[in-house]
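One-letter residues, chain by chain:
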Amino acid sequence: MQPILLIDRDPYYASRLAERLSHLLERPILAKPAHHPRLALEIEALAEHGVVVVADPALMTMLRQEGLDGLSILWVPWQAFMPGHTRDPVTLYRLMPASQMASILKEQLSARETGQKAYPSPETDHSVLSQLTVALDLGWEGHFAFVQNWLDQQLLAGHEVFYLPLMPNYRMKLVQAPGNGPNLTQLLLRLANGDALSPGELGTYLERHDKGYWQFRPAERSDDLVLADATWLKSIVVLVRGKIRQLAGNDATGPVTSVPKVFVDCQGLSFSRVAQIAVLSDQLAVYLGPELDWASQCAQRELGELIARLPANCQILEMKVTGNIDPVRFRQPFT
């Protein structure tokens, strides 16, 4: 069985991703950092066994120029970013769910064995409209403006929009002073008591914002959502997902613009809490900036781990600076 040598600039990310891919592909995955001093020798030593190398294009070019091009190696480069509106089902991108990476690699390996070109399976099309977007705040100063712009654009497109902020009250800049009625604290208490809730009951916790989108009445205290049990937060998102699917079903004969949209804005939550919520989403919105400071590197590393564990049907929406945002422009992953 052909081993795969996975190369990345972040050794920790490469190691965790290799562990995940090894389980998905049921074959040995080796991980090496791009700056490994004996990288060329590592590749050459495994070449006679039929090595598959996954590396960024620049590194791949450099290694092939060092005389490794003549070896029996299947070079599968991955791209750092997916250009807007690009849908290449046989290309790997660095921050994509490991399940999707594994599927593409299976196509590549199968094509190599049969001598055919790898094409995606029919079931890998992700043309389904996204309904539930989860945003992770990694400290990017443009986060608030991006979310505000996203809400505005969805409303302009004619969608019914719901905004669920999972954060302390003092960060809820997009929530207006609520009126009377049940709030998120009361919803959490019902979940804590084990009450059986239905998606249809969520309407009592919602009210219309002056800008046109639906907002949940915020919690009574700033810590209620941040300190809530992770399973309760997940249950709220499950209920919201059920609610919008009900609405989408009711409008099945209507125009595309009638599809409801939900934005779950996570700020101040731990990665473990966000991870449980993100797996329920159609899109995960994140900022993938070029910053090289230590804090940004830590955030990108943990983000990479989170993305690697997302289900295959979850897309990655890259946050952009307001003014250059295209609401339908996202890096499209594939299974």
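Undergrad: Before we go on, may I ask you to explain the pattern of salt bridges in this structure?
TA: A side chain of one charge can pair with a side chain of the opposite charge if their charged atoms are brought near each other. Inspection of every chain in the model, using the stated rule, returns eight salt bridges. In this structure, Arg-190 engages Asp-195 in a salt bridge whose closest nitrogen and oxygen atoms are separated by 3.4 Å. A relative accessible area of 34% places Asp-195 in the partly exposed class. Between Arg-221 and Glu-220 there is a salt bridge; the shortest N-O distance is 3.7 Å. Residue classification places Arg-221 among the partly exposed positions, given a relative accessible area of 48%.

Undergrad: It is not clear to me how the nonpolar core should be interpreted in this structure. Could you clarify?
TA: Side chains of nonpolar character tend, in soluble globular proteins, to be buried together. Counting 82 residues, the largest nonpolar core has Leu-166, Val-264 and Leu-284 as its most contacted members. Contacts of Val-264, omitting those with residues within four sequence positions, involve Leu-132, Thr-133, Val-134, Ala-135, Leu-164, Leu-166, Val-237 and Ile-277. Counting twelve residues, the second-largest nonpolar core is a separate cluster that includes Leu-39, Val-53, Met-60 and Ile-73.

Undergrad: What is the right way to look at the side chain of Gln-283 in this model?
TA: As for its position among the elements, Gln-283 is in strand E11 (residues 283-286). Accessibility expressed as a relative area gives 5% for Gln-283, which makes it buried. A distance of 3.4 Å separates the side chain of Gln-283 from the side chain of Gln-315, its partner in a polar contact.

Analysis parameters
- Residues numbered from 1 in each chain as written.
- Predicted model: local features only at pLDDT ≥ 70, side-chain atom pairs only at ≥ 80, totals over all residues.
- Heavy atoms only, no water.
- Salt bridge = Lys/Arg side-chain N within 4 Å of Asp/Glu carboxyl O.
- Buried < 20%, exposed > 50% of the residue type's maximum accessible area, 1.4 Å probe, protein only.
- Core = buried A, V, L, I, M, F, W, Y, C linked by side-chain atoms within 4.5 Å.
- Contact = heavy atoms within 4.5 Å.
- Helix = DSSP H or I, 4+ residues; strand = E, 2+ residues; numbered from the N terminus.
- Polar contact = N/O pair within 3.5 Å; in protein donor to acceptor, adjacent residues only side chain to side chain.

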